[in-house]
Amino acid sequence: MKKLTLIVALFCTTHWLFANNGTNRDSIRSFPMNEYVYKSGNTNNPSADHSKFAILQQPFASAHDATAACLSCHTERDKEIMATSHWHWRRSEMLEGKGVVSLGKANIINNFCIGITGSEATCTRCHIGYGWTDSSFDFTDPLNIDCLVCHDKTGTYKKKPGGAGYPAESVNLNYVSQHVGSPGRENCGVCHFLGGGGNNVKHGDLDIAMLDCSREVDVHMTTDGENMSCVDCHITEKHQIPGKVYALSSENKNRTTCEQCHTDKPHQSTILNEHGLRVACQTCHIPEYAKANGTKMIWDWSTAGRLDEHGNPMHENDADGNHNYLSIKGNFVYNDHVIPEYFWFNGIANHQLITDKITTIPVQMNTLYGSYNDKGTHQKSHAPAKIWPVKVHRGKQIYDTVNMTLIQPKLWDKESGKGAYWTDFDWNKAAELGMAACGMPYSGEYGFVETEMYWPLNHQVSPANESLKCIDCHSRPNSRLASLNDFYLPGRDFNPIVETAGVSFILVSIIGIAFHAFCRIVFGGKCKIDNP
Amino acid sequence: MKKVYLYKKFERFWHWGQSLLIFALLITGFDIHGTTHFFEYSQAVAIHNISAWAFLVLIVFAIFWHVTTDEWKQYLPTAKNMKAQLDYYLVGIFAHAPHPVKKRTLSKLNPLQRITYFALKIVIIPTMVITGLMYMYFNYPILEFEIESLETVAIIHTMGAYLLLTFLIIHLYLITTGHTLTSNLKAMITGWEVVDDEDVKDIVEEAVEVTGLKIRPVGRTRQSHEELEELVLNALHETETKVKNKKLKGQKK
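Every chain is numbered on its own, with residues counted from 1 as its sequence reads. As a convention, the first chain written is A and the first ligand written is 1, with the rest following in written order. Local features are withheld for residues below a pLDDT of 70 in this predicted model, meaning they are given only at 70 or higher, and side-chain atom pairs are given and counted only at 80 or more; totals for whole chains, interfaces and linings count all residues. For side-chain calculations, the full set of non-hydrogen atoms in the structure is used, while hydrogens and water are omitted.

**Here we look at the domain arrangement of chain A**
- Boundaries between domains were set according to an automatic or database domain assignment. Taken domain by domain, chain A holds domain 1 (54–83 + 114–195), domain 2 (198–407 + 442–491) and domain 3 (495–522).
- A straight line from the C-alpha centre of domain 2 of chain A to that of domain 3 of chain A covers 50 Å.

**Some details on helix α14 (residues 427–438) of chain A**
Residues and elements named next belong to chain A.
- Secondary structure elements follow DSSP: runs of H or I of four or more residues count as helices, runs of E of two or more count as strands, with numbering from the N terminus. One less than the residue count of a helix, multiplied by 1.5 Å, gives the span that helix is expected to have. Its 12 residues place the ends of α14 16 Å apart at the C-alpha level, agreeing with the 16 Å of an ideal helix rising 1.5 Å per residue.
- Three labels apply to residues, based on accessible area from a 1.4 Å probe with only protein chains included: buried if under 20% of the type maximum, exposed if over 50%, partly exposed otherwise in between. Three or more residues of α14 are buried, namely W427, A430, A431, G434 and M435. Down the axis of α14, the buried side of the element spans an arc of 120 degrees, and every buried residue falls inside it.
- Looking at the buried residues of α14, the elements they touch are β9 (386–400), β10 (405–406), α13 (421–424) and β11 (446–456).
- Under the rule applied, a polar contact is a pair of N or O atoms within 3.5 Å (in protein, one hydrogen donor and one hydrogen acceptor; residues adjacent in sequence only if both atoms are side-chain atoms). A side-chain oxygen of the first residue of α14 lies 3.0 Å from the backbone nitrogen of N428; this N-cap is D426. It is the directions from the helix axis to the C-beta atoms that the arc portrays. In this analysis, two residues are considered to be in contact whenever any of their non-hydrogen atoms come within 4.5 Å of each other.

**As for the environment of A:K469**
- By the element assignment, A:K469 lies in the loop between β11 and α15 (470–473).
- Separated by 3.0 Å, the side chain of A:K469 and the backbone oxygen of A:S467 make a polar contact.

**A few points about helix α8 (residues 185–192) of chain A**
- Looking at α8(A), one finds that the buried residues are A:R185, A:N187, A:C188, A:G189 and A:C191.
- Each element contacted by the buried residues of α8(A) is listed here: α6 (148–151) and α9 (230–233) of chain A.

**Remarks on the domain arrangement of chain B**
Residues and elements named next belong to chain B.
- Taken as a whole, chain B is organised into domain 1 (2–195) and domain 2 (198–252).
- Each of domain 1 and domain 2 has a C-alpha centre, and the two are 35 Å apart.
- On the domain 2 side, the residues contacting the 8 residues of domain 1 number 6 residues.
- Each of two parts loses accessible area, computed with a 1.4 Å probe, when they are put together; buried area is these two losses added. Taken together, both faces of the contact between domain 1 and domain 2 bury some 690 Å²; the carbon and sulfur share is 65%.
- Sorting the residues of domain 1 by area buried against domain 2 places R104, L106 and V195 first, and these three jointly supply 60% of that buried surface.
- In the sections that follow, a salt bridge refers to a side-chain nitrogen of Lys or Arg positioned within 4 Å of a carboxyl oxygen of Asp or Glu. Across the contact surface, domain 1 and domain 2 share 2 salt bridges.
- Two residues, R104 and D202, come together in a salt bridge whose shortest N-O distance is 3.0 Å.
- In this assembly, domain 1 and domain 2 are joined by 3 residue pairs in polar contact (both at pLDDT 80 or more).

**Topic: the nonpolar core**
Residues and elements named next belong to chain A.
- Core analysis: the largest hydrophobic core is formed by 35 residues, its most contacted members being W301, L406 and Y421.
- Among the elements of the structure, β6 (330–335), β9, α13, α14 and β11 are those that each provide at least two residues to this core.
- Per element, the largest residue contribution to this core is 4 residues, and it comes from α14.
- When residues are assigned to domains, this core turns out to be shared by domain 1 (54–83 + 114–195) and domain 2 (198–407 + 442–491), each giving three or more. What is meant by a nonpolar core is a set of buried Ala, Val, Leu, Ile, Met, Phe, Trp, Tyr and Cys residues, joined one to another through side-chain atoms within 4.5 Å.

**What to know about the side chain of A:E499**
- With respect to the secondary-structure elements, A:E499 resides in helix α16 (residues 496–524).
- Positive charge is attributed to Lys and Arg, negative charge to Asp and Glu, and no charge count is given to His or to the chain ends. For the buried residue A:E499, which engages in no salt bridge, the nearest side chain bearing the opposite charge is A:R476, 5.4 Å off.
- Apart from the residues lying within four places of it in its own chain, the contact partners of A:E499 are A:F494, B:H33, B:T158 and B:Y162.

**Some thoughts on the packing of helix α1 (residues 9–33) of chain B against helix α6 (residues 183–190) of chain B**
Residues and elements named next belong to chain B.
- Interaxial distance between α1 and α6 falls to 8 Å at its minimum, and their mutual angle equals 115 degrees. When the axis of α1 is compared with that of α6, the two are roughly perpendicular. Taken together, the residues of α6 that come into contact with α1 (itself represented by R12, H15 and W16) are L185, A187, M188, I189 and T190. Axis lines are fitted to C-alpha atoms, over the contacting stretch for helices. Their N-to-C directions set the angle, which ranges from 0 to 180 degrees. Here the word oblique covers every angle except those under 35 degrees (roughly parallel), over 145 (roughly antiparallel) and from 65 to 115 (roughly perpendicular).

**Some details on the environment of A:A383**
Residue and element names in this part refer to chain A.
- With respect to the helices and strands, A383 occurs in the loop between β8 (363–364) and β9.
- On the basis of relative accessibility, which here comes to 25%, the residue A383 falls in the partly exposed class.
- Each C-alpha atom, one on A383 and one on R90, is 25 Å from the other, the two residues being 293 residues apart in sequence.
- When sequence neighbours within four positions are dropped, the list of residues in contact with A383 reads N346 and G376.

**A few points about the pattern of salt bridges**
- Counting across every chain of the model gives 26 salt bridges over all chains.
- Close ionic contact of A:E452 with A:R394 constitutes a salt bridge, the shortest N to O distance being 3.2 Å. Linking A:E452 in strand β11 with A:R394 in strand β9, this pair joins segments that are 58 residues apart in sequence.
- Look at A:R394 and you get partly exposed, because its relative accessible area is 30%.
- Here B:D199 makes a salt bridge to B:R104, at a shortest N to O gap of 3.6 Å. Of the two residues, B:D199 sits in helix α7 (residues 197–213) while B:R104 sits in the loop between α3 (82–90) and α4 (111–137), which places them 95 residues apart along the sequence.

**Focus: the packing of aromatic side chains**
Residues and elements named next belong to chain A.
- Classification of ring pairs uses Phe, Tyr and Trp, with its six-membered ring standing for Trp, and accepts pairs whose centres are within 6.5 Å; under 30 degrees between planes counts as stacked, over 60 as edge-to-face, and the remaining range as tilted. Inspection of every chain in the model, using the stated rule, returns 31 aromatic pairs over all chains.
- On the numbers, 5.8 Å between centres and 55 degrees between planes, the contact of W87 with F137 is tilted. A residue pair is termed long-range when its members are at least 10 positions apart, and W87 in helix α4 (residues 85–88) and F137 in the loop between α5 (120–123) and α6 qualify at 50 residues. We note that W87, like F137, is buried.

**Brief notes about the state of the cysteines**
Residues and elements named next belong to chain A.
- Disulfides are defined as cysteine sulfur pairs within 2.5 Å. Considering all chains together, one arrives at 1 disulfide over all chains under this definition.
- A sulfur-sulfur distance of 2.4 Å marks the disulfide that ties C126 to C191. Note on the C126 and C191 pair: the S-S dihedral is about -115 degrees, so by sign convention the disulfide is left-handed. In this pair, C126 is assigned in the loop between α5 and α6 and C191 in helix α8, connecting sequence segments 65 residues apart.
- Take C126: its relative accessible area is 31%, and that puts it in the partly exposed class.

**Quick word on a nonpolar patch on the surface**
All names here are of chain A.
- A residue counts toward a patch only above 30% relative accessible area and without a salt bridge, and it is joined to like-charged neighbours within 9 Å or, for Val, Leu, Ile, Met, Phe, Trp and Tyr, to nonpolar neighbours within 5 Å. Here the accessible surface of atoms and residues is derived via Shrake-Rupley with a 1.4 Å probe, and residues count as covered only by protein chains that are part of the display. Together, F518, I521, V522 and F523 give the surface a local cluster of nonpolar side chains, amounting to about 460 Å² of exposed area.
- Mapping I521 onto the fold places it in helix α16.
- For I521, a relative accessible area of 57% corresponds to the exposed category.

**Remarks on the packing of α3(B) against α4(B)**
Residues and elements named next belong to chain B.
- Packing of α3 against α4 brings their axes to within 8 Å, and their N-to-C directions diverge by 100 degrees. The angle between α3 and α4 falls in the class roughly perpendicular. Residue-level contacts link M82, Q85, L86 and Y89 of α3 to P111, L112 and I115 of α4.
- Just so you know the grouping, Ala, Val, Leu, Ile, Met, Phe, Trp, Tyr, Cys and Pro go in nonpolar, Asp, Glu, Lys and Arg go in charged, and all remaining residues, Gly too, go in polar. Per-class residue counts for the contact of α3 with α4 are 6 nonpolar, 1 polar and no charged.

**Some words on the environment of B:A97**
- Mapped onto the elements, B:A97 comes out in the loop between α3 and α4.
- Ignoring sequence-local partners within four residues, the contact set of B:A97 consists of B:Y88 and B:G92.

**Concerning the pairing of strand β2 (residues 192–195) of chain B**
All names here are of chain B.
- Side chains of β2 alternate between two faces, with E193 and V195 buried and W192 and V194 left unburied.
- A pair of strands is treated as paired once DSSP finds two or more bridges between them. Looking at chain direction, strand β1 (residues 2–5) and β2 are connected through 4 bridges and run antiparallel. Looking at the pairing, K2 lines up with V195 of β2.

**Re the interface of chain A and chain B**
- Between chain A and chain B, the contact holds 48 residues from the first and 51 residues from the second.
- Both sides together, the interface formed by chain A and chain B hides about 4,600 Å², and carbon and sulfur atoms give 69% of it.
- Put simply, chain A and chain B have 0 salt bridges between them.
- For the interface between chain A and chain B, the tally reads 10 residue pairs in polar contact (both at pLDDT 80 or more).
- Looking at the side of chain A that touches chain B, the elements that each hand over two or more residues are α1 (2–19), α11 (270–275), α15 and α16 of chain A.
- Broken down by element, the residue count for the side of chain A that touches chain B peaks at 16 residues, all from α16(A).

Here it is, written out as structure tokens:
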């Protein structure tokens, strides 16, 4: 009996030991770190005070003059800029089945504002240049570079709506150019937070709230903590900023990763580190996105064009104050605190180009490749596919029902009557002009097709104690990975035959025992109980 | 009725250690499988892994013990008395018929136990160990080799767990079918098993015979039947006298 007590005691002790083995976050700096210098105590002293340079004190007749002033000292930087995809809005990408394509914001189709062609002057408000109004823009003229949008430290620099990248008239170019520095999150955020026509519309994990947010929203950028800026991770050399969003990219290269600082074995637990071989860090550490403000989940262009009783464009808002209808754009659905969808992803994506026929519905705007069996041995990715959290943006957008291609409509123009949809509300005319600008045929017949666009999540990393727990995936029936069915996941999966057989064995033996014991008591009459 | 010391210290330690570990492995295993929720998932995994390693160590010691003591022979299956044993459980037990197979030092197990434990040791446990190690080490390419899919390994491991649990349930019930409801349990805890008086003689004779067989004259491979008989009878007689004297001394005190 003593032994039994001992056994029970031992078991309880083990349980207690493990129950008390909670996460200890006493020192965040105990994480293994690569090539990262903690910012606290680090002072960033600029080597020059730009307000003392005479060339920046002379009046600038135009923004180009300001650029000329910058380049007069910072020679050669223009060549660096003009070698970037931030400048060209396109780069060489290898697409599976399509070969090498020059692809980027300049020519890609998405399921937000569809594409820039025909509407350049409004879209290129986010271009790091001046004057991209149409295909005649000179990408070789250094004076077309906009240095200030990225290097402004005053917060007063603004580009003009519909101004093809030129600054608003209110901007004091002397004041701005005298107060320049390394890009902060405000500089990047003005386009990367606000792209797609509003805050956090596109990414879902890049939000204007990240200018000043809590640890819960973003553990890296929080102003309560490490207060990191974009370029602390997107480590830039010669103006080449690594880190690519798969809305535009296709190849597994030049990526910004968690591992570059945290190493590929960041956990104390071996099992968790092993998970990292097939599960992206982001999957567990970004349990939800759009944590501060909503992001656009659905965009239905097919309902656009409804005008109010005076024939004017109108808008309707949802309870959170987000648009859910705009005459120029159709219906939207926003959501916040969204649980991601999960995909196998090996770092290689494909894109539905404007020249591609529609073969599947919904149309996959940027197919993410990968599967459980994709273990990296024969893939161009040279790495196994991992489970990634993804924001899926679902759209319904215009396509050519005869040619079976997506349509690039002309959406914007300065004046009405020029055929832009946002002023004239005529899809047919907009499609004709937009496709002509792309050099593509248009049959004259259009419809609306469902599309999906995939945004792998990277930002808004949560504090460790809010990361996913084992049972968020290893459970039935509410596993987050319920849709990834090409592999066996312990805790979620089982073989019905084995389960039925196993439970039957147990039931049959219990019933047999019960029956046997019953017979022993009844037929045995005086059952021998402990009589020596 | 007499008690005979049948289960040695290590044997009992091995049995109870094994039972504790299998119990822990079953509970945490079914937690990991998603059937039960006794522990938090990560704790279940941790306990399961630690228990698995402890079990492996115990298995190594058990194999060593079985080989060095020749105890492994106890588990060789035999068809002899198999039917009688089945008849006992299905019929005889209800009429308090005597156990058809008597427990002996060299044959502690009845034929049903022999075949069951043999299957357990040769098939089930090795299967669980091998699939368990594959689960731990080859699910990810950390040892330069990776299984194609966890599915087969996991399903075999689960099947083994169900079989072990079924065994455990029946085993627990059969504990009550000894001399008395608890005599089997007591024997496995203390080592002392209750036997009938007439069996004691057999057990003693068996012990002496075994020893006798391990003695032979120098220069010859075996001794004659008569020589052995004489040796055994003398030994029996002397042992009887010694035991009597010891008991007498004990009474005087």
